[in-house]
Amino acid sequence: VQLQASGGGLVQAGGSLRLSCAASGLTFSTYIMGWFRQAPGKEREFVAGIGRSGSSTSYADSVKGRFAISRDNAKKTVDLHMGSLKPDDTAVYYCAVDYSRRLFIATTPAYYDYWGQGTQVTVSS
């Protein structure tokens, strides 16, 4: 299984970015996908998750109303659309796959089995 994240960069507060994660080596549509982030000196935290069909989603309280997760099972990609960005959103963002048959979107990193390499998002004030 390989996950390749892209789309990070430097943006001013209030701006937008779209992160994308391309997956290979798995039957993509059968697994829950998630986005996490890790800021310097902090633990990795859940940002958003999406169910197998894309009809169910989950968000951290800190990003609700500003971020949106989506997936394209035909292209094997999962995107994170980030808006109204704040300096506190600065972190390395990771996509991950829950390689189980879990029936809910887990928010704990330990439940996710494969991870992308991360992409840096920096929001300037």
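Note that the structure is predicted; figures quoted are calculated from it, not measured.

Here is what the cut-offs are and how they apply
- Residues numbered from 1 in each chain as written.
- Predicted model: local features only at pLDDT ≥ 70, side-chain atom pairs only at ≥ 80, totals over all residues.
- Heavy atoms only, no water.
- Helix = DSSP H or I, 4+ residues; strand = E, 2+ residues; numbered from the N terminus.
- Buried < 20%, exposed > 50% of the residue type's maximum accessible area, 1.4 Å probe, protein only.
- Polar contact = N/O pair within 3.5 Å; in protein donor to acceptor, adjacent residues only side chain to side chain.
- Contact = heavy atoms within 4.5 Å.
- Core = buried A, V, L, I, M, F, W, Y, C linked by side-chain atoms within 4.5 Å.
- Phe/Tyr/Trp six-rings, centres within 6.5 Å; stacked < 30°, edge-to-face > 60°.
- Lys NZ or Arg CZ within 6 Å of the ring centre and 35° of its normal.
- Pairing = 2+ DSSP bridges.

*Asks:* Explain the side chain of aspartate 89 to me, using residue names and the numbers behind them.
*Replies:* Along the polypeptide, aspartate 89 turns up in the loop between β8 (77-82) and β9 (91-98). Aspartate 89 sits in the buried class, given a relative accessible area of 1%. In terms of polar contacts, aspartate 89 uses its side chain to reach the side chain of arginine 66, at 2.8 Å. Within the structure, aspartate 89 has its side chain in polar contact with the backbone nitrogen of lysine 86 (distance 2.8 Å).

*Asks:* For the environment of glutamine 38, give the residues involved together with the corresponding values.
*Replies:* Looking at where glutamine 38 falls in the secondary structure, it is placed in strand β4 (residues 32-38). Its relative accessible area of 26% is what places glutamine 38 among the partly exposed residues. Residues glutamine 38 and valine 92, spaced 54 residues apart in sequence, show a C-alpha to C-alpha distance of 5.3 Å. Residues within four places of glutamine 38 in sequence aside, it is in contact with Glu43, Arg44, Ala91, Val92 and Tyr94. For glutamine 38, the side chain forms a polar contact with the side chain of arginine 44, separated by 3.3 Å.

*Asks:* I'd love a proper account of the nonpolar core, names of residues and values included.
*Replies:* The tendency in soluble globular proteins is for nonpolar side chains to be buried side by side. Core analysis: the biggest nonpolar cluster contains 37 residues, and Trp35, Leu80, Met82 and Tyr93 have the highest contact counts within it. Secondary-structure elements contributing two or more residues to this core are β1 (2-6), β3 (17-24), β4, β5 (45-50), β7 (67-72), β8, β9 and β11 (119-124). The element that contributes the greatest number of residues to this core is β9, accounting for five residues. Excluding residues within four positions of it along the chain, leucine 80 makes contact with Leu17, Arg18, Leu19, Trp35, Val47, Ala48, Phe67, Ala68, Ile69 and Tyr93.

*Asks:* Before we move on, could you go through the packing of aromatic side chains and cite the residues and values that matter?
*Replies:* Per the stated rule, a full pass over the model turns up eight aromatic pairs. On the numbers, 5.6 Å between centres and 75° between planes, the contact of phenylalanine 36 with phenylalanine 46 is edge-to-face. Placement of phenylalanine 36 in strand β4 and of phenylalanine 46 in strand β5 is noted, with a sequence separation of 10 residues between them. Comparing phenylalanine 36 with phenylalanine 46, the two get one shared label, buried. Taken together, Phe36, Phe46, Tyr94, Tyr112 and Trp115 form an aromatic cluster joined through their ring pairs. It is arginine 44 that lies over the ring of tyrosine 94; its NZ or CZ is 3.8 Å from the centre. Note that arginine 44 overlies the ring of tryptophan 115, its terminal NZ or CZ placed 4.7 Å from the centroid.

*Asks:* So what's going on with the pairing of β8? Residues and values would help.
*Replies:* Regular strands place their side chains on alternate faces of the sheet. With five of six residues buried, β8 lies mostly within the body of the structure. Relative to β8, β3 runs antiparallel, the two being bridged by six bridges. Of the residues in β8, the one forming a bridge with leucine 17 is methionine 82. Of the strand pairs in this sheet, β7 and β8 are connected by six bridges, and their pairing is antiparallel. Bridging from a neighbouring strand, serine 70 pairs with aspartate 79 of β8.

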